[in-house]
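# Descriptive analysis of the structure
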Amino acid sequence: MTGAAAEKLFDSAVAPIVAASRGYWRAETDEEYHEWATYVGLKKTHKMYRSVQGGVVGTDDDGRPLDGLIMPWYSVKYTDLLRDGKDTSDFEPEWQLRPAEPVEVRPGKPMKYIFAKGASMHLDIHPATPTQWLKKAPVILFAEGLLKGDSAMTAHLIAHGADTGLLTNTSDDALDRLMDFMEDLPVDSQVLILRSPSATTFHSDPVSLGQLNLAGRVAWMGFDADIETNPMVWDQARKFHNHLINNQKVREVKLLSPTADDGGKDGIDDFLSHRGTWDALIDPDAGHLRRKLPERPRISDHNQKPGSWRITKDFADTEELKVLTDEYGMQAGFEWVPADISLGGQVVYIEDRREPTGQELMTGQALDPIEAGSADAYVGIEVSYRVDDHEPITHLVEGPITILRKLPAEWDQFDAHIPHGLSMHPHWPPRGQKGEKWLEAVKRASSNTETYIEWTKMGWVPVEGDMPAFIVGDTVTAWSHESASSVRPGITTDDLHNLSNFGIGGRPDHQVIHPADDLEGWRAQAVEDFNEVRKLYLDNEPWTDLGVAGIVLLSALRPVVPVFEPVANPRSTLFIHGPAGGGKSMTAKHIMAFWAANGSDFTSALPGSAEDTRAAMEHAVSITPIWTIDDLAPSPSRRAAEAQETAITDIIRSTFNASPKMRMTREMGVRKASKPAAQLIITAENELSVPSAAQRSITLRIGRGSLSPSPAVTNAIFNAAATGLQARVTQHAVLGLYDSLGPMGWQRITKLFTGYYAEEQELIQQMLITRSLPKSKVQRLSEVISDITIVIPYLETLEQGLGFGVEWGQYLFEDRAGRWGNEKLLREAIVDYMVSNYQEQQDTTPGKSIITAIRLALDMNQAHIESAEDPSRPPYVTDNDTAVSGLTDGHINSQLGWLIDAEGNARPQGPTIGRLVRSSKYGDVVLLDALAAFTVASRHHDSIILPGMKQGAAMSSIWEEGLAPEALHGLRGDAGNSRNSVRIRTDSNARFSGVPIDVRTLLELE
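These numbers come from a predicted model, not from an experiment.

### Details of the overall build of the chain
Across its full length, the chain carries 37 helices and 35 strands. Against the compact-globule benchmark of 30 Å for 1006 residues, the chain has a radius of gyration of 39 Å, which places it well outside the compact range. By principal-axis analysis of the C-alpha atoms, the chain measures approximately 140 × 75 × 60 Å. Within the chain, buried positions represent 53% of all 1006 residues. At a minimum sequence separation of 6, the contacts of the chain that also span at least 24 residues come to 70%. Element-wise, carbon and sulfur atoms account for 48% of the exposed surface of the chain, whose accessible area totals about 44900 Å². Taking the 97 positively charged and 138 negatively charged side chains of the chain as two groups, their mean positions are separated by 6 Å.

Spelled out as structure tokens, the structure:
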């Protein structure tokens, strides 16, 4: 190849083998040009045909021959189909043309590169790129333009040993030789180069991006040199950056934009052809490959129409574009002159106040505040002016982002803060059309607007270009000091009155050594602190049941575990109940010590109270990583007690289901919901009476015998809290995740723990089944338990990374080598404790509750059971008064609601609620009248039957819980049948119907 086409390839440092194997070719004659035009669909009758031909065929003004460089683009899909031997007709290569001289396809717009109208803007890969690179290359370089990509490919080949013989090969087997060389490169040396026609088309090829599966890989954006001068290019770079992170799930994105000698920017090909090598280009210390985008360039004042306004360079005044005329009144040009408003300005910041989205938590990358901002955003606008020749006077106007869409004269209506000094300026506020022009000029001048997010929820938050950080109070924990300083906590004391009590890292006089300052020192401190906590909470047996101790310790660390799917919050509420002074609040304080800013902040008072309003509880649970509602105690007012318990049970269900309570505004709009986020702890004197809430909680009963008999054991925990030990351990747990798994990248970490979470549920289910729990009952219980025991894989990760030692291992790992036995395994102890709790909770199920209420009504002579044989006599009469379960006929009849007088006569008490059928086939069965029995039970014993329980559900529960005689289940009908009554015959062939209960079950005789 010769001519201008060859010169361009040489000037861009594209090796002959790279050019030959791609298939670049030169068009010089009319016939060659016509071949290109025919391929791209241009006809001789088209105006574009003739326009482009003038830059390719003939000579230039100096008499030098023209030509055109034909540049084939190969899509990923085309290459894939071609290598599989499939039809490629819908994905044939595009032929781009570079004329020797720019041509004007449209008047006034010379073009250097020509695509035919309707060309597919697919991402390109070089034909010699090995197939395995598409799937496994750890780095992907997105180059803007074919020549830049091929220039980078050439430099990469040279850097990895390609010699002159290979680089200059243009033979028929050039492509095969090049591919063979690339296939032999090790994986860590592979860089997959994708080329895009322009900055606007990088993310517009979903077919290619979907085929490549970029998840977990590193992306380099090789944008053109004008990214620091052209706002449109900068906007496209930011858009593509966010697309790679949020849609393609890449692990990290860097900008590859070479710095020129004069401080400006070079294109990649300019740098590689004239200034440096591949290694110099990607040298981390050279500044060409960067994590962050530069500041957005200011919008140019070029092409502004007469009458437009602009802000002066010092931001202290405003100018208007005026038309100049000559002495004859003819237009002679344009000039910027002072405008009528002597105020300058710029938007200095946009502050987005919100909580992280689920996507941000999974990827670790924040959505762009400009593109994905919330309605709760604020702006700061600096308004400046001069007085005489003095330095500009600047005032900061702050308000909701809405004011950027309103005239300055209206800002007061939207709660904007306008300093008095600005209000005194004679030109403030600009009104009418002048206000519109001034605000437009301010926006155009605002090229350096700082955009940031204030996070309105504690816990994990994304960090641009780094692993996420963890916020507690005003403490930000990150792997680097730079990342920590870039995070803005957004919760204030207006949101949380005791905000200053929350924090991790220890007391000021005994803080965590940061790994960035002393990695080995931190590791030693972390091991020491974790082992001290192990001694205090586990070895010393402050709680006599290891299951309780394990639940306490794991719940304290649960908020740091990065599980965000299926839900992004701890689900299982810790419900601690017991008598006053029994140690339940102390137990909660030992948990909260892990989150106390100054060690003993929660020693005197826990953060929340059962006396708080329901809305206040919901709000606190939605913004903190852990929250305690303390002292749900009996109240003199029954209505107040019921309201408190209703609020508590609703929050427990909301937390488990991760579903906030929806509310409407007075204007019938939807209020922002307070989505649960915290590990919730509740202390109470009484157990939960609502089964649906109890089934979604981990219940700890703390009473006599629950705590160590030695006060010194529990006092030692308080003393440690005063030194900040537990709060240091929480920060160690966050930093330990970075240290142990950081190289994996955040997306892989969250995916890993999502898998752990599912595995933990399956493991707990199997453990419950082996403990003889019915399979139908283990699903909910396994979800509750595994939400706490997921901390065990987290601790195992830290132990393997930091090396806590055998003392911790005996609580975490099964002893397969016979070193310590399995007696202290936390998971086993917790499951044993929860199974015991489950069995106790079965007494409060809906079915058992209705039977208990009916039994009490009968025993208290509020109703009776009559005989199916003879309603006038007691139901239980035998010839020899044979005792049943040690009870005589009189005893049983008394318990069935019959009053026995001094003469031994029995009289029924209260209404009839059922009949006793004595059957040789089914035994002694009470057939309850569903309506009568439920009415009596709910009227006299509403504290046992839950509010809201209906008759049908209560009677159905008798069947579902296996309380009806097994022999009668067949009479009820198929599974799912809603009939609760059955019809049975007595031995005398009489037929009666009702809800059946064996008399021994009803009277609790077995």
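Next comes the rest of the write-up.
### Details of the sheet that holds strand β26 (residues 626–632)
A sheet is described by the order of its strands in space; here five strands give the open sequence β25-β26-β27-β24-β28, paired in parallel fashion. Lying at the two open borders of the sheet, with one neighbouring strand each, are β25 (608–609) and β28 (697–701). The pairing of β26 with strand β27 (residues 679–684) spans five bridges and is parallel. In the sheet register, Thr628 faces β27, and the bridge partner there is Ile681. Of the strands in this sheet, β24 (573–577), β26 and β27 are in contact with helix α21 (residues 584–592), which crosses β27 at around 160°.

### Re the sheet that holds strand β8 (residues 218–222)
Taken together, five strands build an open sheet; the order of strands is β7-β6-β8-β9-β10 and the sheet is mixed. Edge positions in the sheet fall to β7 (191–196) and β10 (289–290), since each of these pairs with one other strand and no more.

### Observations regarding helix α35 (residues 951–960)
Those residues of α35 not exposed but buried are Ala954, Met955, Ser957, Ile958 and Trp959. Contacts made by the buried residues of α35 are with α32 (846–859), α34 (930–940), α36 (969–972), β34 (982–985) and β35 (991–998). With its phi angle positive at about 75°, Gly962 sits one or two positions after the end of α35.

### Regarding a negative patch on the surface
A cluster of acidic side chains, namely Asp172, Asp173, Asp176, Asp180, Glu183 and Asp184, defines a negative patch on the protein surface. For Asp184, the position within the fold is in the loop between α9 (174–183) and β7.

### Topic: the packing of aromatic side chains
Within this structure, the stated rule accounts for 27 aromatic pairs. Both rings, one in Tyr33 and one in Trp36, keep their centres 5.7 Å apart while their planes meet at 40°; by these two values the pair is tilted. On the criterion of helical spacing, the pair formed by Tyr33 and Trp36 is a turn pair, its members being three residues apart in helix α3 (residues 30–40). Taken as a pair, Tyr33 and Trp36 share a single burial class, namely buried. When the centroid spacing of 6.3 Å and the interplanar angle of 70° are considered together, the rings of Phe530 and Trp808 count as edge-to-face. Of this pair, Phe530 sits in helix α19 (residues 519–539) while Trp808 sits in helix α30 (residues 806–812), placing them 278 residues apart in sequence. Classification of Phe530 as buried rests on a relative accessible area of 1%. Using a relative accessible area of 1% as the deciding quantity, one classes Trp808 as buried.

### Description of the pairing of β26
When you tally the buried positions in β26, you get six out of seven residues, the bulk of the element. For the crossover from β25 across helix α22 (residues 614–623) to β26, the handedness is right-handed.

### Structural notes on the pairing of strand β17 (residues 450–455)
As paired elements, strand β14 (residues 344–354) and β17 share six bridges and run parallel to each other. The residue bridging Arg353 from the neighbouring strand is Glu454, located in β17. Of the pairings in the sheet, the one linking β17 to strand β21 (residues 488–489) comprises two bridges and is parallel in character. In the sheet register, Trp455 faces β21, and the bridge partner there is Pro489.

### Quick look at empty space enclosed by the protein
For the structure shown, the criterion picks out five cavities of 30 Å³ or more. In this model, the largest cavity occupies a volume close to 180 Å³. Lining the largest cavity we find 16 residues, and of these Gly459, Trp460, Pro559, Ala568 and Ala677 sit closest to its centre. A per-class count over the lining of the largest cavity returns 12 nonpolar, two polar and two charged.

### Considerations on α9
Within the span of α9, buried status applies to Ala174, Leu178, Met179, Phe181 and Met182. In an axial view of α9, the angular spread of the buried residues amounts to 160°, which keeps them on one side of the axis.

### Structural notes on the environment of Lys950
Counting through the fold element by element, Lys950 comes out in the loop between α34 and α35. Judged by relative accessible area, Lys950 falls into the exposed class, the value being 58%. Put simply, Lys950 and Phe934 are 16 residues apart on the chain and 8.5 Å apart in space, counted from C-alpha to C-alpha.

### Considering the side chain of His288
Secondary-structure assignment places His288 in the loop between α13 (278–282) and β10. Apart from residues no more than four positions distant in its own chain, His288 is found in contact with Leu255, Leu256, Ser257, Pro258, Thr259, Phe271, Ala280 and Leu281.

### As for the pattern of salt bridges
Two side chains that carry opposite charge are able to pair once their charged atoms sit near each other. All chains considered together, the criterion is met by 38 salt bridges. Across the salt bridge formed by Arg22 and Asp150, the nearest N and O atoms sit 2.8 Å from each other. Residue Arg22 is found in helix α2 (residues 16–22), and its partner Asp150 is found in helix α7 (residues 146–159); the two are separated by 128 residues along the sequence. Both residues of the pair, Arg22 and Asp150, count as buried. The partner of Asp832 in a salt bridge is Arg771, and the shortest N-O contact between them spans 2.6 Å. Highlighted residues: Asp832 in helix α31 (residues 826–841) and Arg771 in the loop between α27 (746–770) and α28 (778–789), separated in sequence by 61 residues. Several salt bridges share partner residues, and in doing so they unite Arg22, Asp124, Asp150 and Arg195 into one network.

### Quick notes on the packing of α27 against α28
Interaxial distance between α27 and α28 falls to 8 Å at its minimum, and their mutual angle equals 125°. Judged by the inter-axis angle, α27 sits oblique to α28. As for the relative orientation of α27 and α28, their crossing is right-handed in sense. Contacts from Tyr757, Glu760, Gln761, Ile764, Gln765, Leu768 and Ile769 in α27 reach Val778, Gln779, Leu781, Ser782, Glu783, Ile785, Ser786, Asp787 and Thr789 in α28.

### Considering unusual backbone geometry
Put simply, Trp428 and Pro429 share a cis peptide bond, and its omega is -5°. Mapped onto the elements of the fold, Pro429 is located in the loop between α16 (420–423) and α17 (432–445). Of note, the amide linkage connecting Glu565 to Pro566 takes the cis form, showing an omega dihedral of 5°. Its place among the elements puts Pro566 in the loop between α20 (546–557) and β24. The phi dihedral of Asp415 falls on the positive side, at around 60°, and the residue is not glycine. With respect to the helices, strands and loops of the structure, Asp415 is situated in the loop between β16 (393–400) and α16. In this model, Glu541 sits at a positive phi of 55°, which is unusual for a non-glycine residue.

### Looking at the environment of Tyr74
Checked against the element boundaries, Tyr74 lands in the loop between β2 (68–73) and α5 (76–83). Along the chain, Tyr74 and Leu123 lie 49 residues apart, while their C-alpha atoms are 7.7 Å from each other. Apart from residues lying up to four places away in sequence, Tyr74 is in contact with Arg22, Thr79, Pro93, Leu123, Asp124, Ile125 and Pro127. A polar side-chain atom of Tyr74 sits 2.5 Å from the main-chain carbonyl oxygen of Arg22.

### Side note on the environment of Pro542
In this structure, Pro542 sits in the loop between α19 and α20. With relative accessibility at 0%, the residue Pro542 sits in the buried group.

What counts, and at which threshold
- Residues numbered from 1 in each chain as written.
- Predicted model: local features only at pLDDT ≥ 70, side-chain atom pairs only at ≥ 80, totals over all residues.
- Heavy atoms only, no water.
- Helix = DSSP H or I, 4+ residues; strand = E, 2+ residues; numbered from the N terminus.
- Rg over C-alpha atoms; globule rule 2.2 N^0.38 Å.
- Buried < 20%, exposed > 50% of the residue type's maximum accessible area, 1.4 Å probe, protein only.
- Contact = heavy atoms within 4.5 Å.
- Areas by Shrake-Rupley, 256 points an atom, 1.4 Å probe, with all protein chains shown as cover.
- Lys, Arg positive; Asp, Glu negative; His and termini not counted.
- Charge placed at Lys NZ, Arg CZ, Asp CG, Glu CD.
- Pairing = 2+ DSSP bridges.
- Axes fitted to C-alpha atoms, helices over the stretch in contact; angles between N-to-C directions.
- Patch = residues over 30% accessible without salt bridge, like charges linked within 9 Å, V, L, I, M, F, W, Y side chains within 5 Å.
- Salt bridge = Lys/Arg side-chain N within 4 Å of Asp/Glu carboxyl O.
- Phe/Tyr/Trp six-rings, centres within 6.5 Å; stacked < 30°, edge-to-face > 60°.
- Right-handed = clockwise from strand over helix to strand, strands pointing away.
- 1 Å grid on protein atoms, 1.4 Å probe; cavity = no way out; pocket = protein on both sides within 12 Å on 5 of 7 lines; lining within 4 Å.
- Points joined across faces, edges and corners; volume = space filled by probe spheres on them.
- Nonpolar A, V, L, I, M, F, W, Y, C, P; charged D, E, K, R; others polar.
- Arc of directions from axis to C-beta.
- Parallel < 35°, antiparallel > 145°, perpendicular 65-115°, else oblique.
- Left-handed = near helix turned anticlockwise from the far one by under 90°.
- Polar contact = N/O pair within 3.5 Å; in protein donor to acceptor, adjacent residues only side chain to side chain.

Function cannot be read off these values alone, since they describe shape.
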